[in-house]
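Here are the chains, one letter per residue:
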Amino acid sequence: MSGAELSVTVAGVKLKNPLLGASGTFGYGLTYEKFYNLSLLGGFVTKGLSLHPRKGNPPPRVAETAAGMLNAIGLQNLGVDRFIVKKMPRLRQIDTAVIVNFFGETVSEYAELAARLDALDGVAALEMNISCPNVERGGAAFGTDCKMTEQVVTACRKATKKPLIVKLSPNVTDISMFARAAEHCGADALSVINTLLGMAIDIKTRRPVLANVTGGLSGPAIKPVALRAVWQCYKAVKIPIFGIGGIASAADVVEFALAGAAAVQVGTMNFVEPGILPRLVRDVGALLDEMGVKRFTELKGAAHGAG
Amino acid sequence: MNCAVLENRPLAGGFFYLSLKPDQPFGAITPGQFVMIRCGDGLDPLLRRPMSVADFAPDGSRLGLLIQQKGKGTELLAELQAGAHVDVIGLFGNGFDPPRGRVWMVAGGTGIAPFMGYVQTHRAQAGSLTVFLGARSAESLLMRDVFERAHVALRIATDDGSAGHHGLVTALLEKALANETPPEMILACGPEPMMTAVAALAARRGVPCGVSLEARMACGFGACLGCVTKVKGPELYVTVCQKGPVFDAAQIEFGL
């Protein structure tokens, strides 16, 4: 049993440890109940919700790449109404932070969703997805244009008193501009990063592997890019950061913390090792003991040096 | 789940048969269910590979997998020696319905895998089971002996005519459906063009047909939503890992 203190408070949300499941890889959480008790986690972020159900993109939707994968799911989800009726009653019983990810096609859809979710008991925080690369409308359109980021974050900020997390796209020239824009417009925290836009081609058919042609790259392959983005955002803003991108080990978690992450989300590796999150909770504790670190929070931003 | 490799038997044409003993039994298995197997311990290849369970011990204390060497993942699996360990999770998916009356199974390539378990599980009805087995040539007919030993009727088609019918297994099925009393069920597993043809033939004769689909899959347990197939009806896309891999052929929109 580790002696290190793993609990963190991010944007006013108390997390029993800094390990969360990342949106889009974690279903509505319940998918993982057959593997472990979800209350072992700091929390998790649901699959992105829209006002109306979405059927997603045609298959093939996934392709493996070197130490990573591409996906173009297309934000398939059951819609906010069915989520509230079908998933929330069970989610309320789980002693962990449930963060709901959401997205719209227009500013007013984003704001309407934020208002709907604001009223929900049992939701610890909201995560705005302004960075999905796989749909034409909504998502990345808001996350790759600073003015639109400002508009949509401002509108959601007005619509909810819950902690508001903005998930940023790495597919921009300078992510710190978007971090500042989100902070300026009232975001309480950032999630850094969403997937990188990529593609794969089948040399036998001479056609793109994904039906959507392009998809979001995730997994260990993107970790250095994600770490750099967290580093830059940490320098740019005061609000806390959830580090995301290719985390596969306790050492990765510590690296993200040193770059400036207050907590981390694990995504693609849940597919490979469904029990990875509770394993990392144990492994991070053991690693901190080994490093002589008493509190996880001591690590935050330490790689930036004093002052 | 950690599994010990009991045997890795190379077969013709880049296929091999892995026999695995899990640390704890997987429990009861329905033929047609699948597992997700990790290829190596590293991060590349990253994703597990879905593998249909071939034959098995009734309590899941032993699993056989029939694997085709296709890429870097299956190459690593092909190198496994007896005594090595692999990480396997499962069981996932629904599996095939038990026999109702006479059942014709149509298989191509590694598609024969779930039918090994099917004839084993339903051996009491062996007399009403027929396997249509297609391959490139006589030497690449996989697991022929398993079906011969199981006393099920075996009909063979090879592309080069070196054994059985000279041509596609679907042509053999078409002839049988035209000349004989159709069975009560047809089950199919194999390449998509084969299954598309089997589904069409079954529909024409009004025979219920179950098809086991393959899909690019990241997780295998319903989290990634990557493995969907297109179905007729309002749902449009359903996950192969959870709603399948066996579907009523009449529900599937083939030829995406």
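Residues numbered from 1 in each chain as written. Chains lettered and ligands numbered in written order. Predicted model: local features only at pLDDT ≥ 70, side-chain atom pairs only at ≥ 80, totals over all residues. Heavy atoms only, no water.

Undergrad: Give me the domain arrangement of chain B: which residues, what numbers.
TA: All names here are of chain B. Segmentation of chain B into domains returns domain 1 (2-92) and domain 2 (103-212). Each of domain 1 and domain 2 has a C-alpha centre, and these two points are 24 Å apart. Between domain 1 and domain 2, the residue contacts involve 15 residues of the former and 14 residues of the latter. Roughly 1200 Å² of surface becomes buried between domain 1 and domain 2 when both sides are summed, with 72% attributable to carbon and sulfur atoms. On the domain 1 side of the interface with domain 2, the three residues burying the most area are Phe-15, Pro-31 and Leu-66, jointly 39% of the side's total. The tally of links from domain 1 across to domain 2 stands at zero salt bridges. Scanning the region where domain 1 abuts domain 2 turns up two residue pairs in polar contact (both at pLDDT 80 or more). (Domains from an automatic or database assignment. Contact = heavy atoms within 4.5 Å. Buried area = accessible area lost by both parts, 1.4 Å probe. Salt bridge = Lys/Arg side-chain N within 4 Å of Asp/Glu carboxyl O. Polar contact = N/O pair within 3.5 Å; in protein donor to acceptor, adjacent residues only side chain to side chain.)

Undergrad: So what's going on with unusual backbone geometry? Residues and values would help.
TA: Note that the residue after Val-192 of chain A, namely Ile-193 of chain A, is joined by a cis bond; omega there is 20°. Along the polypeptide, Ile-193 of chain A turns up in the loop between strand 10 (189-192) and strand 11 (196-199). The linkage connecting Asp-44 of chain B with the following residue, Pro-45 of chain B, adopts the cis geometry, with an omega of 5°. Tracing the sequence through the fold places Pro-45 of chain B in the loop between strand 3 (34-37) and strand 4 (49-56). You will see that Ala-11 of chain A, though not glycine, has its phi angle at about 55°, which is positive. With respect to the helices and strands, the residue Ala-11 of chain A is situated in the loop between strand 1 (8-10) and strand 2 (13-15). The exposure class assigned to Ala-11 of chain A is partly exposed, which follows from its relative accessible area of 23%. (Helix = DSSP H or I, 4+ residues; strand = E, 2+ residues; numbered from the N terminus. Buried < 20%, exposed > 50% of the residue type's maximum accessible area, 1.4 Å probe, protein only.)

Undergrad: So, the state of the cysteines: which residues are in play, and what are the values?
TA: For the coordinates displayed, the defined rule picks out zero disulfides over all chains. Free of any disulfide, Cys-233 of chain A has its nearest neighbouring cysteine sulfur in Cys-146 of chain A, separated by 11 Å. This cysteine, Cys-241 of chain B, is not joined by any disulfide, and Cys-227 of chain B carries the nearest cysteine sulfur, 3.8 Å off. Classification of Cys-241 of chain B by relative accessible area gives buried; the value is 2%. (Disulfide = S-S within 2.5 Å.)

Undergrad: Let's hear about the side chain of Ser-169 of chain A: which residues, and what values?
TA: Residues and elements named next belong to chain A. Looking at the secondary structure, you find Ser-169 in the loop between strand 9 (164-167) and helix 5 (175-184). Relative accessible area serves as the criterion here: at 3%, Ser-169 is assigned to the buried category. At a separation of 2.9 Å, a polar atom in the side chain of Ser-169 contacts the main-chain amide nitrogen of Asn-171. Those residues in contact with Ser-169 that lie beyond four places of it in its chain are Ser-131, Gly-143, Thr-144 and Ile-175.

Undergrad: With reference to specific residues and values, describe the pairing of strand 5 (residues 62-65) of chain A.
TA: All names here are of chain A. Examined bridge by bridge, strand 5 and strand 6 (residues 68-71) share four bridges and lie antiparallel to one another. Residue Val-62 lies in a different strand from strand 6, and its bridge partner there is Asn-71. If you look at the hairpin formed by strand 5 and strand 6, you'll find two residues sitting between the two strands, and Ala-67 has a positive phi there, around 50°. (Pairing = 2+ DSSP bridges.)

Undergrad: Give me the interface of chain A and chain B: which residues, what numbers.
TA: Facing 36 residues of chain A, the contacting portion of chain B comprises 29 residues. Carbon and sulfur atoms make up 66% of the area that chain A and chain B hide from each other, which totals about 2400 Å². The largest share of the area that chain A buries against chain B comes from Glu-64, Phe-271 and Val-272 of chain A, three residues that together contribute 26% of it. There are one salt bridge connecting chain A and chain B. Elements with a contribution of two residues or more to the side of chain A that touches chain B: strand 5, strand 6 and helix 8 (269-272) of chain A. For the side of chain A that touches chain B, the per-class residue count stands at 18 nonpolar, twelve polar and six charged. (Nonpolar A, V, L, I, M, F, W, Y, C, P; charged D, E, K, R; others polar.)

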